[in-house]
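# Descriptive analysis of the structure
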Amino acid sequence: MTRANPASAWWRSPTAVIAAGCLIGMIGFGIRSIFGLFLTPMTLAHDWSRETFALALAIQNLLWGVGLPFAGALADRYGPRYVLAGGAAVYSVGVWGMAQAQDTLFLHLTAGLIVGMGVALTAFSLAMVTIAKAVGPDRRSLALGLGTAAGSFGQVLFSPLGQGFISSFGWNQALLVLAAISLLIAPLAFLVPNTTAAKGEAATDQTIREALVEARRHRGYLLLTTGFFACGFHIAFITVHFPAFVQDLGFAAVVGAISIALIGMFNILGSFGSGIYGQKWSKKNGLATLYTLRSVVTLGMLLAPKTGLTIYLFAAALGVLWLATVPLTSGIVEQVFGVRYLATLFGIVFLSHQVGSFIGVWLGGFIYDRTGAYDLMWWIAIAVNLAAAAVHVPIDERPLPRRLGQRQPSGG
């Protein structure tokens, strides 16, 4: 009788897969979430406008969105391991090139195109799907919340680290350190099983083309895709421009870094809470509520006196709502269509998110350079979030009839 290999059993366990997926999400999302800290030092060093820097990160967000459906399709078909490992190399090269940029074209090529593709190939959503496939349907929404929370913890961790690197070594050397750290994703990828199977769900003979046609004909999927635009528009604008906005108010750069860290810290609570909520109650109603609350919190910040306490309270409140949309949005896709092509189908929804990110980042810089302030952009963000809340109300989140016979017992 052949004895099982204990080491092999350990790294193949759901606990190891979840840990590796969380670390991948933490590093990949953590690094890209702090690029806004480089806006002020890089634009001053090169005498660039804020729109120039914002356009580079807008391109990055767009390439992340365009590349993710392809990365998801590769992961759904061949497994995620080599997609993540190769993405780590691309990511690192892009961040390294960002440090070398002396002109705007090279900045847009490296910080925009190359980093954008690297982020797509190492996206925390790919890690989330890996985690979701490692657990049964009864815990899947919670697992999606856990993966999102890990990305948020990366934001908490890397915000003070990034600002510390900039203060201690300068922005150029700080980028080189981040480029080296991003390479850690590659060995972690080899702890992820290179499989397309999902626990608790029977195999399906549906092709990826059939899955795409099915999703395109589903009105709720189209509405979900439309609404996710608002999430990207709002959070990308804040990620890139909020540190500079805080400095414009007369606060030290560290206040902006602390604010970004607070957003990530409180988003851990929001992501866990969102995952727990989605396991029990209507995901579409949760999304409508989240987008409405984003508008309320932003309006409160605009009307309140601009003190340090106001900035930190806004960051904390927004953090609870920050990526809490992701477990519910991806959860609706899984609930309706199943987990087999979740990476691909959520990748397409996420493309809308990143189109919103592109516009939010670029428009923030454009409005600032034309008006000298971000006021108009904040009001636009409020309106966009309210529109998203309305779009989610009519979504049909029931599983498709074909899925009724596909599920296995949760231990299967």
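Whatever comes next refers back to the structure up there.
Residues numbered from 1 in each chain as written. Predicted model: local features only at pLDDT ≥ 70, side-chain atom pairs only at ≥ 80, totals over all residues. Heavy atoms only, no water.

The next subject is the overall build of the protein. When its secondary structure is counted, the protein shows 18 helices and zero strands. Sorting the 412 residues of the protein into buried and exposed places 60% on the buried side. As presented, the protein carries roughly 15600 Å² of accessible surface, and 69% of it is formed by carbon and sulfur atoms. (Helix = DSSP H or I, 4+ residues; strand = E, 2+ residues; numbered from the N terminus. Buried < 20%, exposed > 50% of the residue type's maximum accessible area, 1.4 Å probe, protein only. Areas by Shrake-Rupley, 256 points an atom, 1.4 Å probe, with all protein chains shown as cover.)

Where nonpolar side chains cluster on the molecular surface, the patch consists of Phe106, Leu109 and Leu113 and spans about 220 Å² of accessible area. One can find Phe106 in helix H6 (residues 104–121). (Patch = residues over 30% accessible without salt bridge, like charges linked within 9 Å, V, L, I, M, F, W, Y side chains within 5 Å. Salt bridge = Lys/Arg side-chain N within 4 Å of Asp/Glu carboxyl O.)

Below, the discussion takes up the pattern of salt bridges. Following the criterion strictly, the structure yields three salt bridges and no others. With a shortest N-O distance of 2.9 Å, Arg50 and Asp248 are connected by a salt bridge. Taken as a pair, Arg50 in helix H4 (residues 50–78) and Asp248 in helix H12 (residues 219–248) lie far apart in primary sequence, 198 residues in all. We classify Arg50 as buried; its relative accessible area is 14%. Between Arg370 and Glu51 there is a salt bridge, with the nearest N and O atoms lying 3.2 Å from each other. With Arg370 in helix H17 (residues 342–371) and Glu51 in helix H4, the pair connects residues that are 319 residues apart, well separated along the chain. The class for Arg370 is exposed, based on a relative accessible area of 52%.

A few words now on H17. Here H17 spans 42 Å end to end across 30 residues, near enough to the 44 Å set by a 1.5 Å rise per residue. At Ile348, H17 shows its strongest bend, of approximately 25°. Backbone geometry just downstream of H17 places Gly372 in the positive-phi region, at approximately 80°. (Expected span 1.5 Å × (residues − 1). Bend = angle between axes of the 7 residues up to and from the residue.)

Inspection of every chain in the model, using the stated rule, returns 19 aromatic pairs. Where Phe245 meets Tyr374, the ring centres are 6.2 Å apart and the plane angle is 70°; that geometry is what we call edge-to-face. With Phe245 in helix H12 and Tyr374 in the loop between H17 and helix H18 (375–392), the pair connects residues that are 129 residues apart, well separated along the chain. Each of the two residues, Phe245 as well as Tyr374, counts as buried. On the numbers, 5.5 Å between centres and 40° between planes, the contact of Tyr277 with Trp281 is tilted. On the basis of relative accessibility, which here comes to 26%, the residue Tyr277 falls in the partly exposed class. The ring of Tyr368 has Arg50 lying over it, and the distance from NZ or CZ to the ring centre is 4.2 Å. (Phe/Tyr/Trp six-rings, centres within 6.5 Å; stacked < 30°, edge-to-face > 60°. Lys NZ or Arg CZ within 6 Å of the ring centre and 35° of its normal.)

Note that every value here comes from positions in space, so none of it alone points to a role or purpose.
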